[in-house]
Every structure is written in structure tokens, then in C-alpha cells.
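Results of the structural survey
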Amino acid sequence: MLPRPSMLRALRLSTGNRQSPVLRNALQCRFASTEPPKLVGPMDNAFNRERLAVKHHAAQSAGSVVVPALIIGGLNAKNLWDEHWEHWEHMPPLEERVQYPYMNIRTKAYPWGDGDKVSLFDPFNQAIQS
Amino acid sequence: MTNLVRSNFQAHPFHLVSPSPWPIFTCISLLALTTSGVLTMHGFSFAQDFLYMALLLVIFTMSFWFRDVISEATYLGNHTLAVQRGINMGIALFIISEALFFLAIFWTFFHSALSPAAEMGAQWPPKGIDSVNPFELPLLNTVILLSSGFTVTYAHHSLIQGNRSGALYGIVLTVMLALIFTGLQGLEYTVSSFTLSDSTYGSCFYFGTGFHGLNYVAPYIIICLFLKTKKIYNIES
């Protein structure tokens, strides 16, 4: 990997003195895996050492936050989604809202459909200029 | 060592590529893609059909070129450490160019947002425009995007470990997350109260999110090609 030595050096410089050893280890382990395993079997050369280090690094992945994050994000979005439509119901209908001159600009037709609506048009949400 | 013997050895670690039709093929299909894209945007007849054909052509050339690179990297053993470093540098440069592209998009946004024009009520979002709540679908999509980053890394690491089913599951999950992301973005576009023709706010929003979505669809296509490749090559070790 090209940037590894320089990134490691930069990380050491930036994290070396200020933070606790635990945090420092956690930050640095991305670039410097602990105790690279010894080569057994393949010839001991730079290429095989690199492949082994990559394989060693690949064994250290953890994604336990993914599923909870997706669930929390989904619930939060559902909650705000309902709030949004609750709010929307109390707004004046689209045709009564002011159409300022910088809105619904048409200099030429869109290259799709009837040329006047955006491709994912929804008459419930978006006003059309008559 | 005689010259005849010496010619059997390569005195450098680099990969001198053999003649290949794919560079010129890719150039032609990309030219077709941009040309038909421009013609489509200017409303030329049948330009859209050519756009789809050119897109297919680009995907064909990509898959053929990837196939060659895979055999060079594996069976032919051309990817030495020096070549790997070169590939890493290429990817790093590509990511830098992407970052600068998005810097330009953010620049248009900040240009319009930090000193809003008097014609739009000198406020941002402009008067009459209901902005999107960033903590609703955008936050969910961010979580999905980062999760797909995890699943694709899981697939990559499984691949390195020689774990075939892990690699396949990781990629299938990534494709599913990509589809959900794109679907949610489509939903966001449908329910937003402004369109791309609504002031500079709409232009900036759809310019940025549209290109971001495109940046998600392109890797999705590439990942589908990889999935096909993984089905062909049995990597169970």
C-alpha cells in the first residue's frame, strides 16, 4: 500500500503525545496491524509478505453497528416523515401559495414526457405553472 | 548471459501492457455517450435511444476490460508490488478528482447560499421554498450509504480470505442497499415541494443530489459486473 508509511507517521505525530494509549492504539491499528503473522509455506519475499499482511488486515473487520444504525435511522426517518405530512396537511393548498418569479422557470421544454413536468412529478407536492 | 537468454527475463517490475482493443473501444463508446447525452438534452429526435445504446456499449467495454485485467492480475501474474502501487495511485487520483468535482458543486451551493440574491428575498432557502429536512430521508440515506460501505468492505475482505459465500453475500447486500438508497432518493425527489426549475435552490439541490445518486449508480453497475465475475471464478480455497 502506497500511503501507509507516511500516514502512519502522520498519525503518530498527531496522536502520539496528546491522547491516551487506548485511543492511540485504536486510531493506529487501521494502519499498523498488531503482530503480523509469520510466513509459512510461500517464499519469503516482499510480495508474499504484503499479501499476508493484507490477509491479516482483512480478518480484522467488525460491523456490529450497521444493523442498529439502520434500524434507528429508519425509525427516525419514519417519525419525521409522519410529522412532515401532519404539517403538510395544515398548509394552504398548492394553488393558493405564492408563485414567485424565480419559481417554476421554463426556458425550454424538458427532454422527456410532455416537456413541462420534472421526471418524478407529483401533483400533490409540486405546483405547475399554468 | 547471452542476449538471447537475457531476453527471457524482465529486468523491471512493471507491467508492459499488450495490445488491446478496449482503450479505443471505451473512447468511442464514451464519445457516443456524451454526444447522445448532449443531443438528448437539446431535444434531438431519437437521441435518447442512442443514449441508452451508448450506455450499454460503455458497460460492455467495461466488462470486457475488467475481464482482461482480472486475468492479468491472477493467471498471468502481472500485478507485482510496483504495479499494485501504481493501481493504488490511480484510484487515489480518481478519488481526488471526484472530491474536486463535488467541491465545485458545493461551491455553487455556498456561492448562492452565503449571500442570497435580493431577487429571492435575500434569504436562504429562498422565500416560498420548503427545504428538505436533513434529518429525515437524507440521514437515513447517509446511514444506508455508510452501511453499504461496510458490506462491500466485508465482501472485499472475505474475498481476500478466500471465503466465497461471504464475498457473494457481502456484494448482494451491497447491491440491495444501493437499490434501497436509489429508491429513497427517488421518493425524496417525488415528495419534495420544489423542482429543479425552482430558483437556484432547486438547481443546487438537484445538481448535487443528482450527481451524488449517479455516483452511486455507477459503482452499482460495476459491482454487478463483479458479482457476475465472482460467479464465474470459483474462489473457494
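Definitions and cut-offs
Residues numbered from 1 in each chain as written. Chains lettered and ligands numbered in written order. Predicted model: local features only at pLDDT ≥ 70, side-chain atom pairs only at ≥ 80, totals over all residues. Heavy atoms only, no water. Helix = DSSP H or I, 4+ residues; strand = E, 2+ residues; numbered from the N terminus. Contact = heavy atoms within 4.5 Å. Areas by Shrake-Rupley, 256 points an atom, 1.4 Å probe, with all protein chains shown as cover. UniProt positions renumbered as here; feature names shortened; annotations may be inferred. Salt bridge = Lys/Arg side-chain N within 4 Å of Asp/Glu carboxyl O. pLDDT = per-residue confidence, 0-100. Phe/Tyr/Trp six-rings, centres within 6.5 Å; stacked < 30°, edge-to-face > 60°. Buried < 20%, exposed > 50% of the residue type's maximum accessible area, 1.4 Å probe, protein only. Buried area = accessible area lost by both parts, 1.4 Å probe. Polar contact = N/O pair within 3.5 Å; in protein donor to acceptor, adjacent residues only side chain to side chain. Nonpolar A, V, L, I, M, F, W, Y, C, P; charged D, E, K, R; others polar. Patch = residues over 30% accessible without salt bridge, like charges linked within 9 Å, V, L, I, M, F, W, Y side chains within 5 Å. Expected span 1.5 Å × (residues − 1). Domains from an automatic or database assignment.

For the rest of this paragraph, the subject is the overall build of chain A. Of the regular secondary structure elements, chain A holds 4 helices and 0 strands. When the helices and strands of chain A are placed in sequence order, the string is α-α-α-α. Restricting the contact set of chain A to residue pairs at least 6 apart, pairs at least 24 apart contribute 35%. For chain A, the computed accessible surface area is about 9400 Å², with 62% contributed by carbon and sulfur atoms.

All names here are of chain B. Taking the numbering used here, the UniProt-annotated feature "transmembrane region" (unreviewed entry) corresponds to residues 21-44, 50-66, 87-110, 137-155, 167-185 and 205-227. The span residues 50-66 is 100% helical and 0% strand by assignment, and the distance between its end C-alpha atoms comes to 24 Å. End C-alpha to end C-alpha, residues 87-110 measures 34 Å, and it is 100% helix and 0% strand.

The next point concerns the pattern of salt bridges. Here the structure, examined in full by the defined rule, presents 3 salt bridges over all chains. In this structure, Asp44(A) and Arg49(A) form a salt bridge, with 3.0 Å as the shortest nitrogen-oxygen distance. The salt bridge partner of Asp68(B) is Arg67(B), with a shortest N-O separation of 3.0 Å.

Glancing now at the confidence of the model for chain B. Residue and element names in this part refer to chain B. Averaged over all residues, the pLDDT of chain B is 88; the fraction at 70 or higher stands at 96%. For chain B, the element scoring lowest by mean pLDDT is helix H1 (residues 3-6), at 81; helix H2 (residues 22-41) scores highest, at 95. The complex prediction reports pTM at 0.77, with the ipTM value standing at 0.70.

All names here are of chain B. Enumeration over the complete set of coordinates arrives at 20 aromatic pairs over all chains. With 5.5 Å between their ring centres and 85° between their planes, phenylalanine 101 and phenylalanine 102 make a pair best called edge-to-face. Using a relative accessible area of 17% as the deciding quantity, one classes phenylalanine 102 as buried. When the centroid spacing of 5.9 Å and the interplanar angle of 75° are considered together, the rings of phenylalanine 109 and tryptophan 124 count as edge-to-face.

Taken together, the contacts link 41 residues of chain A with 44 residues of chain B. Summed over both partners, the interface of chain A with chain B comes to about 3600 Å²; 66% of that surface belongs to carbon and sulfur atoms. Joining chain A to chain B, the criterion identifies 0 salt bridges. Where chain A meets chain B, there are 10 residue pairs in polar contact (both at pLDDT 80 or more). For the side of chain A that touches chain B, the secondary-structure elements that each account for two or more residues are helix H3 (46-58) and helix H4 (66-89) of chain A. Looking at the side of chain A that touches chain B, the element that brings in the most residues is H4(A), giving 12 residues. For the side of chain A that touches chain B, the residue count by class is 25 nonpolar, 10 polar and 6 charged.

Residues and elements named next belong to chain B. On the surface, a cluster of nonpolar side chains totalling about 650 Å² of accessible area is made up of Ile24, Phe25, Ile28, Leu56, Leu57, Phe60 and Phe64. Listed by contribution, the elements that provide at least two residues to the nonpolar patch are H2 and helix H3 (47-73). For the nonpolar patch, the element with the highest residue contribution is H3, accounting for 4 residues. As for its position among the elements, leucine 56 is in helix H3. For leucine 56, a relative accessible area of 48% gives the class partly exposed.

If you check helix H4 (residues 81-114) of chain B, its first and last C-alpha atoms are 47 Å apart, about what 34 residues at 1.5 Å a residue would give, namely 50 Å. Listed as buried for H4(B) are Ala82(B), Val83(B), Gln84(B), Phe102(B), Ile105(B), Ser112(B) and Ala113(B).

A few words on the domain arrangement of chain B. Residue and element names in this part refer to chain B. Here the domain parsing of chain B yields domain 1 (20-79) and domain 2 (111-236). Of note, the centres of domain 1 and domain 2, computed from C-alpha atoms alone, are 23 Å apart. Across the boundary between the two partners, domain 1 contributes 6 residues, which contact 6 residues of domain 2. Of the roughly 570 Å² buried between domain 1 and domain 2, counting both surfaces, carbon and sulfur atoms make up 89%. At the boundary of domain 1 with domain 2, the tally comes to 0 salt bridges. Among the residues making up the side of domain 1 that touches domain 2, the classes are represented as 5 nonpolar, 1 polar and no charged.

What follows covers H3(B). All names here are of chain B. With 27 residues, H3 should cover 39 Å at 1.5 Å per step; its first-to-last C-alpha distance of 38 Å lies within 8% of that length. Within H3, burial applies to Ala47, Ala54, Val58, Thr61 and Glu72. Against H2 lie the buried residues of H3.

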